[in-house]
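Geometric and topological summary
What follows is the residue order along each chain.
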Amino acid sequence: MVTQTSVAPKRIKKRPVIHTERLTLEMCTEADAQLFLNFYENNREHLSRWEPARSHEFYTLEYWQKTLKENQIFLLEGSAIKFGIFNKERTEVIGTCNFNNIIRGVFQACHLGYSIGGKYQGQSYMYEAAQAGIQFMFNEMGLHRVMANYIPTNARSGALLERLGFEEEGFARDYLKIDGIWEDHVLTALVNHNSP
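Now for a description of the structure that goes with this document. Everything quoted here is computed from the prediction, not taken from an experiment. (Residues numbered from 1 in each chain as written. Predicted model: local features only at pLDDT ≥ 70, side-chain atom pairs only at ≥ 80, totals over all residues. Heavy atoms only, no water.)

**Let's talk about the packing of helix α1 (residues 33-42) against helix α3 (residues 61-77)**
For clarity, the cut-off: Structural elements are reduced to axes, namely lines fitted to C-alpha atoms, with helices fitted over the stretch in contact, and the angle between N-to-C directions of any two is expressed from 0 to 180 degrees. In DSSP terms, a helix is any run of H or I states spanning at least four residues, a strand is any run of E spanning at least two, and both are numbered starting from the N terminus. By the definition adopted for this analysis, an angle is roughly parallel if under 35 degrees, roughly antiparallel if over 145, roughly perpendicular if from 65 to 115, and oblique otherwise. Left-handed describes a crossing whose near helix is turned anticlockwise from the far helix by less than a right angle; the clockwise case is right-handed. Pairs of residues are marked as contacts when any of their non-hydrogen atoms sit within 4.5 Å. Ten residues, namely Ala, Val, Leu, Ile, Met, Phe, Trp, Tyr, Cys and Pro, are considered nonpolar, four, namely Asp, Glu, Lys and Arg, are considered charged, and the remaining ones, Gly among them, are considered polar.
The interhelical angle for the contact between α1 and α3, taken along N-to-C directions, is 120°, at an axis separation of 8 Å. Between α1 and α3, the crossing angle belongs to the class labelled oblique. α3 is crossed by α1, and the crossing has right-handed handedness. Contact residues: Ala33, Gln34, Phe36, Leu37 and Tyr40 in α1; Leu61, Trp64, Gln65 and Leu68 in α3. Looking at side-chain class alone, the contact of α1 with α3 contains seven nonpolar, two polar and no charged residues.

**Some remarks on the pattern of salt bridges**
Inclusion rule: By salt bridge we mean one thing: a side-chain nitrogen of Lys or Arg within 4 Å of a carboxyl oxygen of Asp or Glu. The buried label applies to any residue whose accessible area, calculated with a 1.4 Å probe on protein chains only, is under 20% of its type's maximum; exposed applies above 50%, and partly exposed to all values in between.
Under the defined criterion, the tally for this structure stands at eight salt bridges. For Arg145, the salt bridge is made with Glu169, and the minimal N-O distance between the two is 2.9 Å. Placement of Arg145 in strand β6 (residues 145-150) and of Glu169 in strand β7 (residues 167-178) is noted, with a sequence separation of 24 residues between them. For Glu169, a relative accessible area of 49% gives the class partly exposed. In the salt-bridge network here, residues are joined through shared partners; they are Arg15, Glu26, Asp32 and Arg90.

**Points about the nonpolar core**
Stated precisely, the cut-off is as follows: Only buried residues count toward a nonpolar core. Its members are Ala, Val, Leu, Ile, Met, Phe, Trp, Tyr and Cys residues joined through side-chain atoms within 4.5 Å.
One finds Ile81, Phe99, Leu112, Met137 and Phe166 to be the most contacted residues of the largest nonpolar core, which totals 37 residues. Elements with a minimum of two residues in this core: β2 (23-27), β3 (81-87), β4 (93-103), β5 (109-116), α4 (125-139), β6, α5 (155-164) and β8 (181-191). No other element matches the 10 residues that α4 contributes to this core. The contacts of Ile81, once residues within four sequence positions are left out, are Pro16, Met27, Leu75, Cys97, Asn98, Phe99, Ile102, Phe136, Met137 and Met141.

Quick look at the structure:
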């Protein structure tokens with residue numbers, strides 16, 4: 001159940017951590033850089049069809065130390081909350097669940113981006129993580145709308161968003177450059193009808 005919250009920006013005083021039945025979603029620090037590097041190295045081929053082309057630097061420990069440090073700044077600014085999805089033992093990153101481009105004022109919305117490791121597909125891990133993350137953004141952050149877009153050929157992503165309750169709102173030509181090619185995207189959104 002979604003509770004009513006103020007439309008004023010909410011400041012996070014500590015790094016958010018969300019526990020689900022099988023997972024932990026956590027805003028990570030530089031100390032987690034190796035776990036993120038492992039995730040992306042292990043899933044390089046699996047994720048390449050759905051993500052931007054990656055430079056050599058992306059697959060270095062220094063890159064992930066810098067990126068996770070920058071993510072803390074985004075959190076403090078209130079512009080993004082980027083969760084790592086961990087197994088319960090917190091020994092492995094199995095995916096990501098990011099809420100980007102948080103806009104306040106009369107919009108109160110953000111974009112959802114996500115990825116899941118190849119060996120974890122088809123086990124509802126991404127559904128479990130995204131559902132918990134969305135409820136956090138609605139209940140704790142007071143957002144009214146979460147938007148998510150997917151490449152039409154990515155049937156798994158489309159099915160996930162439909163299961164989460166997202167509704168199709170449009171179609172964008174050449175929306176994002178994915179793996180070096182401008183790709184069309186289906187535009188979807190989930191609205192918190194209980195927000196003030």
